[in-house]
Amino acid sequence: MEEEKGKLIYILPNFFTAASIFLAVISIISTIKGNFSAAIFYIILSLICDGLDGRVARLTHATSKFGVEFDSLADIVAFGVAPALLFYCAVGHDYGKVGSLVAALYVVFGAIRLARFNVTTGTYEPSVFIGLPIPTAAITMAFWIGIYLKYDLSKGFGVFLIIAMAALSFLMVSNIRFPSFKKISLKRPNAIKILVLLIVVFFSLLYLFRLEFPAVLTLVYIVYGLVRGALNLSAAKFHKKDKPEETAK
């Protein structure tokens, strides 16, 4: 009986990973059929399943090498292939070979991002991601494509999406550190109250602006990572210049 329970514990997180791949394939099929709204919705559902598999594995202490590899394979389908195809069919095909190239580069760089994550996990502080996480890149592009289609911004705006897709691809393989929010402490005074308030505000804005709010939120996250990276780089250069003077003293 105990052995069966142990097996079930290891199956549970992998179930969510499998669900993530399944939803990604449904998203791809929806894109092929031209139902882009459904494709975006399935990418979001896939993201939720992807978030659950890791948390379930940690809570049940059921992490395994198989689970890590399975999760990476799921991510390249859900957040690499699915959004790249959505991008190409909704926007990129209007730009010929450039659109094809950008879509392909996104998948390749996404795969590199996942491979690097697997081999470097545990070698840097857990409060940051090195390079933009591929799920963040995927939903950022998905939401902005949704806005592009909702407001019929095909005239000229497609170029910005081409540039944005290329930028997201390079950010994934960059050394810029983005916050992970994994180590948020709920033991601080009023932390629960603040969290509840933030959740209420989040879902209220999400209800009012289903596409616009998350699109802006993901953009703010990316810009925050870029600004923080630029400030840290400037601070490092400033301290490096000051070192010789301090030594001389």
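Residues numbered from 1 in each chain as written. Predicted model: local features only at pLDDT ≥ 70, side-chain atom pairs only at ≥ 80, totals over all residues. Heavy atoms only, no water.

Chemist: Mind showing me how you'd approach the UniProt feature "transmembrane region" (unreviewed entry) in the chain here?
Modeler: Cross-referencing UniProt, the feature "transmembrane region" (unreviewed entry) maps to residues 7-29, 73-93, 99-116, 128-151, 157-178, 190-209 and 215-233 in the present numbering. As annotated, residues 73-93 has a helix share of 86% and a strand share of 0%, and its two end C-alpha atoms lie 26 Å apart. For residues 99-116, helix accounts for 100% and strand for 0%, while the C-alpha atoms at its two ends are 26 Å apart. (UniProt positions renumbered as here; feature names shortened; annotations may be inferred. Helix = DSSP H or I, 4+ residues; strand = E, 2+ residues; numbered from the N terminus.)

Chemist: Explain the pattern of salt bridges to me, please; I cannot follow it from the model alone.
Modeler: Side chains carrying opposite charge are able to pair once their charged atoms draw close together. With the rule as written, the count across this model stands at 1 salt bridge. Measuring nitrogen to oxygen at the nearest pair gives 3.0 Å for the salt bridge that ties Lys150 to Glu212. One end of the pair, Lys150, is in helix 5 (residues 134-150); the other, Glu212, is in helix 8 (residues 212-248), with 62 residues separating them in the sequence. Look at Glu212 and you get buried, because its relative accessible area is 17%. (Salt bridge = Lys/Arg side-chain N within 4 Å of Asp/Glu carboxyl O. Buried < 20%, exposed > 50% of the residue type's maximum accessible area, 1.4 Å probe, protein only.)

Chemist: Even after reading the chapter, I still don't get the environment of Ile147, so can you show me in this structure?
Modeler: For Ile147, the position within the fold is in helix 5. The class of Ile147 is buried, set by a relative accessible area of 8%.

Chemist: Mind showing me how you'd approach the nonpolar core here?
Modeler: For soluble globular proteins, nonpolar side chains are generally found buried alongside one another. In this structure, Leu86, Phe87, Tyr106, Leu132 and Ile145 are the most contacted members of the largest nonpolar core, which totals 43 residues. Only helix 1 (2-32), helix 2 (36-59), helix 3 (65-90), helix 4 (96-120), helix 5, helix 6 (154-172) and helix 8 provide two or more residues apiece to this core. Broken down by element, this core gets its largest block of residues, 10 residues, from helix 5. Filtering out sequence-adjacent residues up to four positions away, Leu132 remains in contact with Arg113, Ala137, Leu168, Leu171, Met172, Phe178, Tyr221 and Ile222. (Core = buried A, V, L, I, M, F, W, Y, C linked by side-chain atoms within 4.5 Å. Contact = heavy atoms within 4.5 Å.)

Chemist: Help me understand the layout of surface pockets, please; the structure alone is not making it clear to me.
Modeler: Gaps left between atoms show up when a probe the size of a water molecule is rolled over them. As a volume, the second largest pocket reaches approximately 230 Å³. For the lining of the second largest pocket, the elements supplying multiple residues, two or more each, are helix 5, helix 6 and helix 8. For the lining of the second largest pocket, the element with the most residues is helix 6, which contributes 7 residues. (1 Å grid on protein atoms, 1.4 Å probe; cavity = no way out; pocket = protein on both sides within 12 Å on 5 of 7 lines; lining within 4 Å. Points joined across faces, edges and corners; volume = space filled by probe spheres on them.)

Chemist: What should I look at first to understand the packing of helix 3 against helix 4 in this one?
Modeler: To describe two helices that pack against each other, one gives the angle between their axes and the distance between the axes. Where helix 3 contacts helix 4, the two axes come as close as 9 Å, and the packing angle between them is 165°. In this view, helix 3 runs roughly antiparallel relative to helix 4, as classed from their interaxial angle. In the packing of helix 3 onto helix 4, the handedness of the crossing is right-handed. Between helix 3, through Val68, Glu69, Ser72, Asp75, Ile76, Phe79, Gly80, Val81, Pro83, Ala84, Phe87 and Tyr88, and helix 4, the contact on the second element is made entirely by Gly99, Ser100, Val102, Ala103, Tyr106, Val107, Gly110, Ala111, Leu114 and Asn118. For the contact of helix 3 with helix 4, the per-class residue count stands at 14 nonpolar, 6 polar and 2 charged. (Axes fitted to C-alpha atoms, helices over the stretch in contact; angles between N-to-C directions. Parallel < 35°, antiparallel > 145°, perpendicular 65-115°, else oblique. Left-handed = near helix turned anticlockwise from the far one by under 90°. Nonpolar A, V, L, I, M, F, W, Y, C, P; charged D, E, K, R; others polar.)

Chemist: Would you take a moment to explain helix 5 for this structure?
Modeler: Because an α-helix completes one turn every 3.6 residues, residues spaced three or four positions apart along the sequence face the same direction. Taking 1.5 Å per residue, 17 residues should reach 24 Å; helix 5 reaches 24 Å between its end C-alpha atoms and fits that length. Among the 17 residues in helix 5, 14 count as buried, and that is most of the element. Where helix 5 terminates, the next one or two residues include Asp152, which has phi positive at roughly 50°. (Expected span 1.5 Å × (residues − 1).)

Chemist: Just to check I follow, could you spell out the packing of aromatic side chains for this structure?
Modeler: Aromatic rings considered in pairs are described by the distance between their centres and by the relative angle of their planes. Per the stated rule, a full pass over the model turns up 9 aromatic pairs. When the ring of Phe202 is compared with that of Phe203, the centres are 5.2 Å apart and the planes differ by 90°; the resulting orientation is edge-to-face. For Phe202, a relative accessible area of 29% puts it in the partly exposed group. Ring pairs connect the aromatic residues Tyr148, Phe157 and Phe160, which therefore count as one cluster. (Phe/Tyr/Trp six-rings, centres within 6.5 Å; stacked < 30°, edge-to-face > 60°.)

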